[in-house]
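Architecture and fold: a report
Take a look at the letters that make up each chain.
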Amino acid sequence: MIRIAAVGDVHLDEEMRGHYRSHLDGVAEHADVLLLAGDLTKHGTLEEGKAVADEFRGLGLPVVAVLGNHDYHCDAQDAIAEIMRAAGVTVLEGDGVTLDCPGGRLGIAGTKGFGGGFAGKCASEFGEPEIKEFVRHGRDVAGRFAAALRDLDADLRVGLTHYAPVKDTLTGEPPEIYPFLGSYLLAEAVDGAKAGLAVHGHAHAGVECGLTPGGVRVRNVALPVLRRPYAVYRLEAVPDPVTV
Ligand SMILES: [Fe+2]
Ligand SMILES: [Fe+2]
């Protein structure tokens, strides 16, 4: 059994220093890893990034994060990622990490992801260059995410994104903004790698549970959805599911 704690959209700022941390006491007793699904800051400033790093440093378990769109707002995303890495947090973007847990080898691939919409109602590379660029960016990040997931040498693969891979977990959000909340290409990546779990944030008004078209469990761990400091998911590791 591998125990995965996860939360996203904590949206910390300087004034919230220490508040969230007080809810993380003992997380290492309940989980083998803590996943952070992006939007860790309010406006993506360096000061907020430092507050995030201090909040999640030295928890006694591996912490693996992706950034969210808010963390990009001040164009300081690379510096924020470096500050978090210096605090011991693994920050993924189109790459992966493997952890030896008591229940097996856990592989996590991560990306912020991007919008674009869902099968049947998605944007396409047509018309103005700005639309083509929007669609191309979503395709590029999903492509790198798919490769990173596939390349994980692990008993259990988990896909970590900020944007949503499916519509299921967006229920409660206005349908008009679905194309800005996620992309079906992220679900294709998860299904292609036969992952055991997909974790995302971003959809504050959505719901926690969904499924990819291939039947992989999806969990929206945005803090306003969870209404608890973090969720813990327990999964059985299946040796090398891609080749079985
Ligand atoms: Fe958010
Ligand atoms: Fe977001």
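All of these numbers come straight from a predicted model, not from anything done at the bench. Every chain is numbered independently, its residues counted from 1 as its sequence is written. By the order in which they are written, chains take letters starting at A while ligands take numbers starting at 1. For a predicted model such as this one, the threshold for reporting local features is a pLDDT of at least 70, and the threshold for listing and counting side-chain atom pairs is 80 or more; totals across whole chains, interfaces and linings nevertheless cover every residue. In computing side-chain properties, one takes all heavy atoms of the structure into account and sets aside hydrogens as well as water.

1. Thoughts on the UniProt feature "domain: Calcineurin-like phosphoesterase" (unreviewed entry) in the protein
Summarizing the sequence annotation, UniProt attributes the feature "domain: Calcineurin-like phosphoesterase" (unreviewed entry) to residues 2-204 in the numbering used throughout. Helix numbering and strand numbering both begin at the N terminus, where a helix is a DSSP run of H or I of at least 4 residues and a strand a DSSP run of E of at least 2. As a span, residues 2-204 carries 28% helix and 21% strand, and end to end its C-alpha atoms are 27 Å apart. UniProt positions are given in the numbering used here, feature names are shortened, and annotations may be inferred rather than shown by experiment.

2. What about the sheet that holds strand β6 (residues 104-111)?
Whether two strands pair depends on DSSP finding at least two bridges between them. Sheet architecture is open: six strands sit in the order β5-β6-β7-β8-β10-β9, paired in mixed fashion. Each edge of the open sheet is held by one strand with a lone partner, namely β5 (95-101) and β9 (209-211). When strand polarity is set aside, the average angle formed by the axes of neighbouring strands in this sheet is 25°. Two elements, β6 and strand β7 (residues 156-161), share six bridges in a ladder whose sense is parallel. When the sheet's bridge partners are listed, T111 is paired in β7 with T161. Contacts between residues were defined by any pair of non-hydrogen atoms, one from each residue, lying within 4.5 Å. Here an axis means a line fitted to C-alpha atoms, over the contact stretch when the element is a helix, while the angle between two N-to-C directions is reported on a 0 to 180 degree scale. Running at roughly 160° to β7, helix α4 (residues 129-151) makes contact with β5, β6 and β7 of the sheet.

3. So, unusual backbone geometry
For D9, which is not glycine, the phi torsion reads 55° and is therefore positive. By the element assignment, D9 lies in the loop between β1 (2-7) and α1 (27-30).

4. A word on the coordination of the iron ion (ligand 2)
Around the iron ion (ligand 2), the protein contributes the donor atoms D39 (OD), N69 (OD1), H162 (NE2) and H202 (ND1), which lie 2.1 to 2.2 Å from the metal centre. Atoms of type N, O and S within 2.8 Å of a metal are treated as its donors, and for Na, K and Ca the window is 3.2 Å; water is not considered, so some sites may appear to be missing partners. The geometry test gives tetrahedral to four donors whose angles all lie between 85 and 135 degrees, gives square planar to four donors and octahedral to six donors whose opposite members are over 155 degrees apart with all other angles between 65 and 115, and gives irregular to the rest. The coordination sphere of the iron ion (ligand 2) comprises four donor atoms, whose angles at the metal cover 89 to 154°; the geometry is irregular. Burial classes: relative accessible area under 20% of the type maximum marks a residue as buried, over 50% as exposed, and values in between as partly exposed (1.4 Å probe, protein chains only). Look at N69 and you get partly exposed, because its relative accessible area is 27%. With a relative accessible area of 0%, H162 lands in the buried category.

5. Focus: the coordination of the iron ion (ligand 1)
Taken together, D9 (OD), H11 (NE2), D39 (OD) and H204 (NE2) make up the full set of protein donors to the iron ion (ligand 1), lying 2.1 to 2.3 Å away. Taken as a pair, the iron ion (ligand 1) and the iron ion (ligand 2) show a spacing of 3.6 Å, with D39 coordinating each metal. According to the relative accessible area criterion, D9 is buried, its value standing at 3%.

6. Structural notes on the environment of A51
Relative to the helices and strands, A51 is located in helix α2 (residues 46-56). Through-space distance from the C-alpha of A51 to that of G18 is 8.6 Å; in sequence the pair is 33 residues apart. In contact with A51, not counting residues within four places along its chain, are D13, E14 and R17.

7. Description of the packing of aromatic side chains
For this analysis, a ring pair means two rings from Phe, Tyr or Trp (six-membered ring only for Trp) whose centres lie within 6.5 Å, classed as stacked if their planes differ by under 30 degrees, edge-to-face if by over 60, and tilted for the remaining angles. Applying the stated rule across the entire model yields four aromatic pairs. Judged by centre distance (4.9 Å) and plane angle (50°), the rings of F114 and F134 are tilted. One end of the pair, F114, is in the loop between β6 and α4; the other, F134, is in helix α4, and 20 residues separate them in sequence. With relative accessibility at 17%, the residue F114 sits in the buried group. Given a relative accessible area of 23%, F134 falls into the partly exposed group. Centroid distance F114 to Y163: 6.0 Å. Interplanar angle 55°. Geometry classified as tilted. Placement of F114 in the loop between β6 and α4 and of Y163 in the loop between β7 and α5 (184-192) is noted, with a sequence separation of 49 residues between them. A network of ring pairs unites the aromatic residues F114, F134, Y163 and F180 as a single cluster. A cation over a ring is seen here: K112 above Y72, with NZ or CZ 5.1 Å from the ring centre. Lysine and arginine charges are scored as sitting over a ring when NZ or CZ, respectively, is within 6 Å of the ring centre and within 35 degrees of the ring normal.

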